[in-house]
Amino acid sequence: MTSKTDTIEGTVAEYVTAVIGGQLFGLPISRVQDVFMPERLTRVPLSSAEIAGVLNLRGRIVTVVDMRARLGLPRNDDGKPPMAVGVDLRGESYGLLIDQIGEVLRLPDDNREENPVNLDPRMAKLAGGVHRLDGQLMVVLDVDRVLEIVPALLAA
């Protein structure tokens with residue numbers, strides 16, 4: 001599902017990078033609709049802590065998922081406003097609440113590795129592999145897995 005480009009070296013995948021709890025994540029660029037600062041977030045009564053709320057984004061109702069809660073991380077208390085990455089799943093719009101947006105990276109697809117056995121289990125169940133960068137590990141988020149919980153949570 002990533003945006004892939006064939007080059008002389010091989011297939012290249014493009015990722016929008018984001019930081020959540022100090023960890024670098026990559027979202028396949030083909031799944032990212034937009035990046036925005038969530039404003040006027042309305043809490044959904046009786047929803048899980050993973051659902052930060054809903055908001056109106058250019059006329060569409062967007063369910064906002066708190067990625068820190070989804071990953072089992074504590075709330076961010078650094079005072080900086082959170083960012084959100086807009087994604088779609090089956091015609092529904094979602095915003096993934098993140099700490100910080102990064103850049104777009106083009107990485108060789110054959111450098112992508114399976115999840116390491118020592119990857120935090122909460123990350124591993126949402127990850128579709130990893131890329132080892134200079135001194136850093138980028139966890140590739142599988143958007144479908146991240147949003148698997150949402151319909152069950154909203155129906156509760």
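Just above, that's the structure.
Cut-off values and rules
Residues numbered from 1 in each chain as written. Predicted model: local features only at pLDDT ≥ 70, side-chain atom pairs only at ≥ 80, totals over all residues. Heavy atoms only, no water. Helix = DSSP H or I, 4+ residues; strand = E, 2+ residues; numbered from the N terminus. Buried < 20%, exposed > 50% of the residue type's maximum accessible area, 1.4 Å probe, protein only. Contact = heavy atoms within 4.5 Å. Areas by Shrake-Rupley, 256 points an atom, 1.4 Å probe, with all protein chains shown as cover. Salt bridge = Lys/Arg side-chain N within 4 Å of Asp/Glu carboxyl O. 1 Å grid on protein atoms, 1.4 Å probe; cavity = no way out; pocket = protein on both sides within 12 Å on 5 of 7 lines; lining within 4 Å. Points joined across faces, edges and corners; volume = space filled by probe spheres on them. Nonpolar A, V, L, I, M, F, W, Y, C, P; charged D, E, K, R; others polar. Pairing = 2+ DSSP bridges. Axes fitted to C-alpha atoms, helices over the stretch in contact; angles between N-to-C directions.

## Details of the overall build of the protein chain
Argument step 1. A tally of helices and strands in the protein chain yields four helices and 11 strands.
Argument step 2. Out of the 156 residues belonging to the protein chain, those deemed buried represent 44%.
Argument step 3. Sequence-distant contacts, at least 24 apart, represent 54% of the contacts inside the protein chain between residues at least 6 apart.
Argument step 4. When the accessible surface of the protein chain is summed, it comes to about 8700 Å², and 51% of that surface belongs to carbon and sulfur atoms.

## Overview of the pattern of salt bridges
Argument step 1. Counted under the stated rule, the structure contains eight salt bridges.
Argument step 2. A salt bridge links Asp34 to Arg58; its shortest N-O distance comes to 2.3 Å. Taken together, the residues Asp34 in strand E4 (residues 32-36) and Arg58 in the loop between strand E5 (51-57) and strand E6 (60-66) connect sequence positions 24 residues apart.
Argument step 3. The partner of Asp88 in a salt bridge is Arg60, and the shortest N-O contact between them spans 3.7 Å. One end of the pair, Asp88, is in strand E7 (residues 83-89); the other, Arg60, is in strand E6, and 28 residues separate them in sequence.

## Some thoughts on the layout of surface pockets
Argument step 1. In this model, the largest pocket occupies a volume close to 320 Å³.
Argument step 2. Together, 18 residues line the largest pocket, and Asp66, Arg75, Asn76, Pro82 and Leu97 are the ones closest to its centre.
Argument step 3. Contributions of two or more residues to the lining of the largest pocket are made by E5 and strand E8 (92-98).
Argument step 4. Tallied by class, residues from the lining of the largest pocket come to nine nonpolar, two polar and seven charged.

## Digging into the sheet that holds E8
Argument step 1. Taken together, the five strands give an open sheet; going across it, the order is E4-E7-E8-E6-E5, and neighbouring strands pair in mixed fashion. Each having just a single partner strand, E4 and E5 make up the two edges of the open sheet. Going across the sheet, the axis of each strand differs from the next one's by a mean of 30 degrees, ignoring polarity.
Argument step 2. The sheet contact formed by E5 and E6 spans six bridges and is antiparallel.

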